[in-house]
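The lines below spell out each chain.
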Amino acid sequence: MKRNEEFTGECTDLSDQGYGVLRHNGEVVFVPGLLPQEKARIRVILAKKSFAIGRVMERLSDSPERTQALCPVFGKCGGCALQDLEYQSQLAWKTDWMRRKFPGIEVRDTLGMEEPYFYRNKAQFPVQVTEEGTVLTGFYRPNSHTIVDTDTCLIQDRRLNELYQYIRKELTPDLARGLRHLFLRRSRKTGQCQVVFIGEENRYDRLTEKLAREFPNLVSVVFNRNVRNDNVILGDESRVLHGSESIEEDCLGIRIRLNFRSFFQVNPEMMEVLYNTAMEAAGIQPGDRVIDMYSGTGTLGLLAARRQARVTGVEIVPEAVENARENAKINGITNAEFVCQDATEFARGFQEKADVLIVDPPRKGLSEQGVEDIARIDPRRIVYVSCNPNTLKRDLERFAHKGWKADWVQPVDMFPQTPNVEAVCLLEKE
């Protein structure tokens with residue numbers, strides 16, 4: 001195919017990015033905004049050797065599962081690619097997609113939300129000032145650094161939207177120059193909120209005073225200095241402008257103190273579903289030795305410790321390890337320890353017996369060496385919590401070569417309105 005070529009075709013599937021999938025003259029074309037069973041006139045806007053990207057010039061038929069997207073910037077912002085697909089159909093597609101990806105393994109129905117909006121407890125809004133002096137805040141267009149200016153997000157917590165709208169109105173061009181991102185976080189259970197101004201120079205003391213008066217649950221305002229010439233959001237230097245650098249969260253009765261640098265699941269309602277599923281899979285007995293790899297702020301490990309296991313959490317980010325130790329202390333948990341070490345290195349050097357090993361890696365999954373070292377530890381069962389089905393599939397194949405069989409995969413819809421799927425998988429020795 002060539003750029004600007006036009007053709008008429010019918011969408012047959014969705015890709016893992018939420019794009020419609022078509023075939024034209026034997027070649028695959030990915031088309032944003034097109035749903036299965038829909039016909040459209042397509043123009044090729046990018047042609048590669050193995051695939052092409054198309055744009056809908058005219059939709060000729062509508063899927064019976066199509067719905068009206070509620071967001072005014074849907075299709076422009078790079079976020080909610082599936083907002084025009086009815087929610088139950090989103091769940092059905094995710095289940096079907098996972099079953100096709102994991103043939104021969106029991107894939108359960110995807111667990112979803114009753115209200116699939118306003119769920120995110122964290123937001124990062126890029127900030128720009130145009131040459132004309134207009135302040136832009138919102139989200140990036142797909143595959144770009146162009147900001148789609150918006151004053152609300154329908155998958156962000158309602159109170160975070162209010163906080164964001166207030167800051168947005170207060171951001172003059174002078175205040176916004178040098179400000180790279182606004183980072184906002186809120187605990188739905190405790191109500192505590194946090195604002196982090198990320199930029200070149202702190203000029204936000206007066207705005208902080210206004211925010212503290214307007215929002216009584218705002219317990220943390222931080223300035224984070226970032227002058228790097230790359231896409232890394234947080235810099236190394238920080239200064240607390242109000243309260244502390246942390247807020248408190250709650251997960252299944254575990255109190256979690258969150259530093260603004262700490263990773264935490266962005267959907268607190270479905271996080272509890274995900275972690276309950278992981279604990280079900282773990283089948284922990286009192287006295288079990290549990291290893292929690294990529295333990296973050298320690299939530300899964302502390303939940304295991306509550307079941308009277310002896311827990312070691314492993315995490316490479318020092319701030320997260322300190323957070324985890326602090327969280328164990330504030331929950332009165334003494335049977336969990338947290339070490340700051342690369343997970344693969346820890347597994348390679350671990351010489352004791354483990355009953356259960358929980359692994360919750362980043363999107364890139366496990367290294368081949370990591371799989372080998374985990375298999376050598378030889379626990380009774382492995383619980384794999386995955387945020388990327390593609391690397392989960394690869395890692396399950398690697399575990400299979402080591403004699404480990406996946407009993408089941410449970411998809412969990414942590415990100416409604418998007419194509420992303422998280423999953424819990426139970427592995428046992430064949």
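Overview of the nonpolar core
Grouped together as the largest cluster of nonpolar side chains are 80 residues, with contacts concentrated most on Leu163, Ile167, Leu182, Phe197 and Val383. Among the elements that make up this core, the one with the highest residue count is helix H5 (residues 268-282) (8 residues).

Regarding the packing of helix H2 (residues 158-170) against helix H4 (residues 205-214)
Orientation of H2 relative to H4, taken along the N-to-C sense of each, is 145°, at an axis distance of 11 Å. By crossing handedness, the relation of H2 to H4 is classed as right-handed. Across from Leu163, Tyr166, Ile167 and Glu170 in H2, the residues of H4 making contact are Leu207, Lys210, Leu211 and Glu214. Along the lines of polarity and charge, the residues of the contact of H2 with H4 split into 5 nonpolar, no polar and 3 charged.

A look at the sheet that holds strand E13 (residues 218-225)
Strand order in the open sheet formed by 7 strands is E10-E9-E8-E11-E12-E13-E14, and the pairing between neighbours is mixed. Every interior strand has two partners, whereas the edge strands, strand E10 (147-149) and strand E14 (237-243), have only one. Between one strand and the next, the sheet's axes are offset by a mean angle of 30°, whatever the strand orientation. Sheet topology places strand E8 (residues 122-129) next to strand E11 (residues 179-186); 5 bridges connect them, and they run antiparallel.

What to know about the pairing of E13
Along E13, 6 of the 8 residues are buried, which leaves the element largely enclosed by surrounding structure. Here strand E12 (residues 193-199) pairs with E13 via 7 bridges, running parallel. Within E13, the residue paired with Ile198 across the bridge is Asn224. Handedness of the E12-H4-E13 crossover: right-handed. Bridge count between E13 and E14: 6 bridges; the pairing is antiparallel. By the bridge assignment for E14, Phe223 is matched with Arg239.

Focus: the pattern of salt bridges
Across all of its chains, the model carries 39 salt bridges by this definition. Here Asp13 makes a salt bridge to Arg100, at a shortest N to O gap of 2.6 Å. With Asp13 in strand E2 (residues 13-14) and Arg100 in helix H1 (residues 87-101), this pair connects stretches of sequence that are 87 residues apart. Judged by relative accessible area, Asp13 falls into the buried class, the value being 17%.

Let's talk about unusual backbone geometry
A positive phi angle is found at Asp378, which is not glycine, with a value near 60°. When its relative accessible area of 31% is taken as the criterion, Asp378 is described as partly exposed. Phi at Gln417 is positive, roughly 75°, even though this residue is not glycine.

About the cut-offs
- Residues numbered from 1 in each chain as written.
- Predicted model: local features only at pLDDT ≥ 70, side-chain atom pairs only at ≥ 80, totals over all residues.
- Heavy atoms only, no water.
- Core = buried A, V, L, I, M, F, W, Y, C linked by side-chain atoms within 4.5 Å.
- Buried < 20%, exposed > 50% of the residue type's maximum accessible area, 1.4 Å probe, protein only.
- Helix = DSSP H or I, 4+ residues; strand = E, 2+ residues; numbered from the N terminus.
- Axes fitted to C-alpha atoms, helices over the stretch in contact; angles between N-to-C directions.
- Left-handed = near helix turned anticlockwise from the far one by under 90°.
- Contact = heavy atoms within 4.5 Å.
- Nonpolar A, V, L, I, M, F, W, Y, C, P; charged D, E, K, R; others polar.
- Pairing = 2+ DSSP bridges.
- Right-handed = clockwise from strand over helix to strand, strands pointing away.
- Salt bridge = Lys/Arg side-chain N within 4 Å of Asp/Glu carboxyl O.

Note that all results are geometric; they support no functional claim without further evidence.
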